[in-house]
Amino acid sequence: MNVKKISVGIIGASGFTGSELCRLLLEHKYVAKIIPISRERKNFNRSHPNLAYSNLKYSTLNELPNKLKSLDCVFLCTKSEDSYNLAIKILKKNIKIIDLSSAFRFENITYFKKAYGQLQKKNNILSKKKITYGLSEFNRNKILSADLVANPGCYAIAAILSLIPILKKNIIHLNLPININAINGTTGAGNNPKIQVSHANTTENMLTYNAEGHRHGPEIEEKLKAISKKNCLIDLNTSHGNFRRGIHMRISLNVKSNLIKKINRDKIIKIYKDFYNKKNNNFQFIQILDTKRTLKKNEKDYDLYPSITNVIGTNNCLIGIDYDKSIGVIKIISTSDNLVKGAAGSAIQNMNIMFGFEEDTALTKYGIF
Ligand SMILES: NC(=O)c1ccc[n+]([C@@H]2O[C@H](COP(=O)([O-])OP(=O)(O)OC[C@H]3O[C@@H](n4cnc5c(N)ncnc54)[C@H](OP(=O)(O)O)[C@@H]3O)[C@@H](O)[C@H]2O)c1
């Protein structure tokens, strides 16, 4: 393939998602140049010793206006408010943006207000640009021509991929909120030091946060409505676990009373496998775990469900399924790497779509353990 190589900038490259973007993009055959940007850090090798032999060097944020001339795409690995302000400046120069924050994820102000409790300020340049949500698997056409792609939240990606196939069928009671419990590694908290997320406080411990309403809840509601045409309320419960990276998500879904006796685990697995049919390659990063139950009831068959270690370092979302017929509840258990499929991997998948590269370039499907 004769493809023009591109140059990319990464703002917030000293952070967790920025570091992961550097790591993956260094192996990208169509990325000729990476400019990592930090406001104050000088020594790239010191902040990312795992990438010490890459020869990458930080540029400062003050140098950005000059550097922009040579860039095709900028990744924003910054907080929402900073992303918002930076995007306005960069869009004026007609450079493509992939934003990892939640600044541009919402289309409908009702959901934005539900997530933030206030409305976003407006800027003229934004109304003139094509901004789209970057759930790669479901939005390729818009991503292809977008000026700015809003990369989804890490919990939102896992939840939406886990829910769409079953929501497309008329099986679930949607009159009560859907309960989602998710445990994320401590990298999900960002690299800004906080005593609660220190080693001493997270080792052999778990930290719950945002139980009053996580901002990814309204994001999941808005996108599920757009894709599955179903209105649902999301009760998202999140914690940090005693590990660095990875999301372990469990979802409980109440089956409609008249269907409780008619369905079983195999039928639900088939719904997922048919939906995420691998033949057309659209869903290459979504895997359905279809391990057969071999043990007796109450024996612990761990192999039926995905683990975080199955997906670390990969761009995969691995989905396991079970059904408790006695109460009519479907259980969806999914795992993904918050820094890859939940952030840098999806961002690169979106960049690959935007620039016409093979969608899996620089993204791996095989885990390290
Ligand atoms: N961590 C995750 O699992 C995850 C997953 C999906 C999405 N996200 C989203 O991705 C974004 C980045 O997350 P992260 O975890 O990588 O954060 P992080 O580890 O805290 O890194 C953010 C970096 O942004 C830079 N920065 C801070 N304020 C800035 C400003 N005003 N202007 C320019 N740069 C600034 C800082 O670098 P310097 O001090 O060196 O400039 C910092 O290292 C956030 O919006 C987050 O919500 C995170």
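Because the structure is predicted, anything quoted here is derived from the model rather than measured.

Student: Provide a residue-level description of the nonpolar core, including the pertinent values.
Tutor: Membership of the largest hydrophobic core comes to 46 residues, with the highest contact counts inside it found for Ile-180, Tyr-272 and Ile-330. For this core, the element with the most residues is helix 8 (residues 154–167), which contributes 12 residues. Filtering out sequence-adjacent residues up to four positions away, Tyr-272 remains in contact with Ser-162, Leu-163, Pro-165, Ile-166, Ile-288, Ile-319, Ile-321 and Ile-332. Within the second largest apolar cluster, 34 residues are counted, among which are Ile-6, Tyr-30, Val-149 and Ile-353.

Student: How would you sum up the site of the ligand? Please name residues and give values.
Tutor: In the neighbourhood of the ligand, 26 residues make up the surrounding shell, with Ser-14, Thr-17, Ser-38, Arg-39 and Thr-78 lying closest. Measuring from an oxygen atom of the ligand, one finds a backbone N or O atom of Arg-39 at 2.8 Å. Protein coverage of the free-state accessible area of the ligand, which is 890 Å², stands at 83%. Sorting the residues of the shell around the ligand by element identifies helix 1 (16–25) and helix 12 (340–354) as the ones contributing at least two each. Here the shell around the ligand gathers at least three residues from each of two domains, domain 1 (6–151 + 342–354) and domain 2 (155–338).

Student: How would you summarise the environment of Ile-88 if you had to cite specific residues and measurements?
Tutor: Tracing the backbone shows Ile-88 in helix 4 (residues 80–91). Overall, Ile-88 belongs to the buried group, its relative accessible area being 9%. Expressed as a C-alpha distance, the spacing of Ile-88 and Asn-43, which sit 45 residues apart in the sequence, is 28 Å. Apart from residues lying up to four places away in sequence, Ile-88 is in contact with Asn-123, Ile-125 and Leu-126.

Student: Before we move on, can you summarise the sheet that holds strand 14 (residues 329–336) with the specific residues and values?
Tutor: Read across the open sheet, the 7 strands follow the order 9-10-8-11-14-13-12; overall the sheet is mixed. Of all the strands in the sheet, just strand 9 (207–209) and strand 12 (286–288) have a single pairing partner and so form its edges. Each strand of the sheet is rotated relative to its neighbour by a mean of 20°, with strand direction disregarded. Relative to strand 13 (residues 317–324), strand 12 runs parallel, the two being bridged by 3 bridges. Bridge pairing in strand 13 links Ile-288 to Ile-319.

Student: Which residues make up the packing of helix 5 (residues 109–116) against helix 10 (residues 216–228), and what values go with them?
Tutor: Contact geometry for helix 5 and helix 10: axes closest at 8 Å, N-to-C directions at 160°. Comparing the axis directions of helix 5 and helix 10 gives the class roughly antiparallel. For the crossing formed where helix 5 meets helix 10, the hand is right-handed. Of the residues in helix 10, those in contact with Tyr-111, Lys-114 and Ala-115 of helix 5 are Pro-218, Glu-221, Glu-222 and Lys-225. Considered class by class, the residues forming the contact of helix 5 with helix 10 number 3 nonpolar, no polar and 4 charged.

Here is what the cut-offs are and how they apply
- Residues numbered from 1 in each chain as written.
- Predicted model: local features only at pLDDT ≥ 70, side-chain atom pairs only at ≥ 80, totals over all residues.
- Heavy atoms only, no water.
- Core = buried A, V, L, I, M, F, W, Y, C linked by side-chain atoms within 4.5 Å.
- Buried < 20%, exposed > 50% of the residue type's maximum accessible area, 1.4 Å probe, protein only.
- Helix = DSSP H or I, 4+ residues; strand = E, 2+ residues; numbered from the N terminus.
- Contact = heavy atoms within 4.5 Å.
- Near = heavy atom within 4 Å.
- Polar contact = N/O pair within 3.5 Å; in protein donor to acceptor, adjacent residues only side chain to side chain.
- Areas by Shrake-Rupley, 256 points an atom, 1.4 Å probe, with all protein chains shown as cover.
- Domains from an automatic or database assignment.
- Pairing = 2+ DSSP bridges.
- Axes fitted to C-alpha atoms, helices over the stretch in contact; angles between N-to-C directions.
- Parallel < 35°, antiparallel > 145°, perpendicular 65-115°, else oblique.
- Left-handed = near helix turned anticlockwise from the far one by under 90°.
- Nonpolar A, V, L, I, M, F, W, Y, C, P; charged D, E, K, R; others polar.

Honestly, it's all geometry; don't read function into it.
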